Amino acid sequence: MNKHICSRWAFDLSTWTPTLPQLAHAVAAIQPEERKRLMKFHFIDDFLSSLIGRLLMRKFVSTCSNVPYHQVQFARDVRGKPYWVQDQQSESTPPLSFNVSHQGKLVLLAGVKGDSKDDAEFGIGTDVMKIEYNGGKPLSEFFRLMQSKFSPQEWSYIGRPQHNERAQLKAFMRHWCLKEAYVKELGVGITVDLQKISFAMDTTHPLEEASSPLCGSTLCCNGTPMTQWHFEEHLLTPKYCAAIAFRNCLPLEHAKFEFLPFEELIEQSPKADQPDVVAYCQKALLKPHKRHE
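The chain is annotated in an unreviewed UniProt entry as L-aminoadipate-semialdehyde dehydrogenase-phosphopantetheinyl transferase of Drosophila arizonae. Per UniProt, the chain carries the Sequence similarities (unreviewed entry) text "Belongs to the P-Pant transferase superfamily. AcpS family."

Here it is as structure tokens:
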């Protein structure tokens, strides 16, 4: 299995209160059809999360391909998954695979770059989860309802008697992250029988912020070991865990996610001063914030 250069980038939305000029430069960088998608969000939180995800994708493709930042173009496949549209000048660029995830205050991108155009097909998926439960039902009732989404082996790990509720919730979210990262790379979403997607967790040491990533979790589908898949688990902060699924490839090194400031995601655009861009951003900034517990 070939080893690939891997980018792991994160952005913390709680560190950024966008000014109108900043937002205008960000919006000017994305394509008109993506602006329409973003404006459909009711809350400014979701608008900004998705906007940052698009900027991360643009930075990744531009960095890996040397295509100028504002010339990078994306389209969506029949399942709605974004992909890079290569032009004739970039056809010699090795293949790229990338995936974005966001929840709460964090937005992530994981991406891999192939070695050559002849590289075997490969792919990457990622997911991030906040380790908390805000449902109206007791956690035990939530677990009872969700148990059907996990294999008996997985549930025996999640519900171990020596786990307190916090440890059980963390184990639950770790499994869910892995499942999400796997199905996101496949591009099928949570529409498959999740009980048949069974992970054996890396128990060599606890998943902690200082020690992540863990790289020993393995996958079986319908009882068959999926040896062409490799997984990383990360604890980004005490409250957020993440997973990366690598298909037909391995990262050159196992590294932590790098938190990027807004200034590294954006390149200045002369279009930021256009009246339609400024009006769009003014409208977006009027969107309400979610109520945070």
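**Student:** Is there a simple way to explain the nonpolar core in this structure?
**Tutor:** Looking at soluble globular proteins, one finds that nonpolar side chains tend to be buried together. Counting 43 residues, the largest nonpolar core has L23, F47, L51, I52 and L55 as the members making the most contacts within it. Only β1 (3–12), α1 (20–29), α2 (32–39), α3 (44–65), β4 (96–103), β5 (106–113) and α7 (275–284) provide two or more residues apiece to this core. Excluding anything up to four places from it in sequence, F47 contacts L23, L38, M39, F41, Y280, A284 and K287. Residues F142, M226, C241 and A245 belong to the second largest nonpolar core, which totals 35 residues.

**Student:** Quick question: what am I supposed to make of empty space enclosed by the protein here?
**Tutor:** Using the criterion set out here, one finds 1 cavity of 30 Å³ or more in the structure. For the largest cavity, the calculated volume is near 60 Å³. For the largest cavity, the full set of lining residues is I30, Q31, E34, R54, M57, R58, F74, A75, R76 and P82. Among the elements of the structure, α3 and β2 (74–76) are those that each provide at least two residues to the lining of the largest cavity. Its residues assigned to classes, the lining of the largest cavity shows 5 nonpolar, 1 polar and 4 charged.

**Student:** Help me understand the pairing of strand β6 (residues 123–130) in this model?
**Tutor:** Walk down a regular strand and you will see the side chains alternate between the two sheet faces. Most of β6 sits out of view: 7 of its 8 residues are buried. Pairing of β6 with strand β11 (residues 240–247), which is carried by 8 bridges, proceeds in the antiparallel orientation. Counted as the bridge partner of V128 is A242 from β11.

**Student:** Please explain unusual backbone geometry as it appears in this structure.
**Tutor:** Residues other than glycine predominantly adopt negative phi, and peptide bonds predominantly adopt the trans conformation. A positive phi angle, close to 55°, is found at N222, a residue other than glycine. Using a relative accessible area of 59% as the deciding quantity, one classes N222 as exposed. With phi around 60°, N248 is a residue other than glycine that occupies positive phi space. When its relative accessible area of 29% is taken as the criterion, N248 is described as partly exposed.

**Student:** Would you take a moment to explain the layout of surface pockets for this structure?
**Tutor:** To locate leftover empty space, one rolls a probe as large as a water molecule over the atoms. The volume enclosed by the second largest pocket comes to roughly 520 Å³. Taken together, 22 residues form the lining of the second largest pocket, with R76, G80, P82, N99 and V100 sitting closest to its centre. Going through the elements one at a time, α3, β4 and α6 (165–186) are the ones with two or more residues in the lining of the second largest pocket. Here the lining of the second largest pocket is built from residues that sort into 7 nonpolar, 9 polar and 6 charged.

How each quantity is defined
Residue positions are given per chain, counted from 1 along the sequence in the order it is written. With pLDDT at 70 or above as the cut-off, local features in this predicted model cover only qualifying residues; side-chain atom pairs require 80 or more to be listed or tallied, and sums for whole chains, interfaces and linings still use all residues. With hydrogens and water set aside, each side-chain value is computed from the structure's full complement of heavy atoms. UniProt positions are given in the numbering used here, feature names are shortened, and annotations may be inferred rather than shown by experiment. What we call a nonpolar core is a set of buried Ala, Val, Leu, Ile, Met, Phe, Trp, Tyr and Cys residues that are connected through their side-chain atoms within 4.5 Å. Type-normalised accessible area, obtained with a 1.4 Å probe on protein chains alone, sets the label of each residue: buried when under 20%, exposed when over 50%, and partly exposed for intermediate values. Under the scheme used here, helices are H or I runs from DSSP no shorter than 4 residues and strands are E runs no shorter than 2 residues, and both carry numbers assigned from the N terminus. By the convention used here, residues are in contact when the closest approach between their heavy atoms is within 4.5 Å. Here a cavity is any set of points on a 1 Å grid over the protein atoms alone where a 1.4 Å probe fits but cannot get out, and a pocket is any open set with protein on both sides within 12 Å along at least 5 of 7 lines; a residue lines the site when it has an atom within 4 Å of a point. Grid points are joined across faces, edges and corners, and a volume is the space filled by probe spheres set on the points. When residues are grouped by polarity, Ala, Val, Leu, Ile, Met, Phe, Trp, Tyr, Cys and Pro land in nonpolar, Asp, Glu, Lys and Arg in charged, and all others, Gly among them, in polar. Paired strands, as defined in this entry, are two strands with at least two bridges between them according to DSSP.

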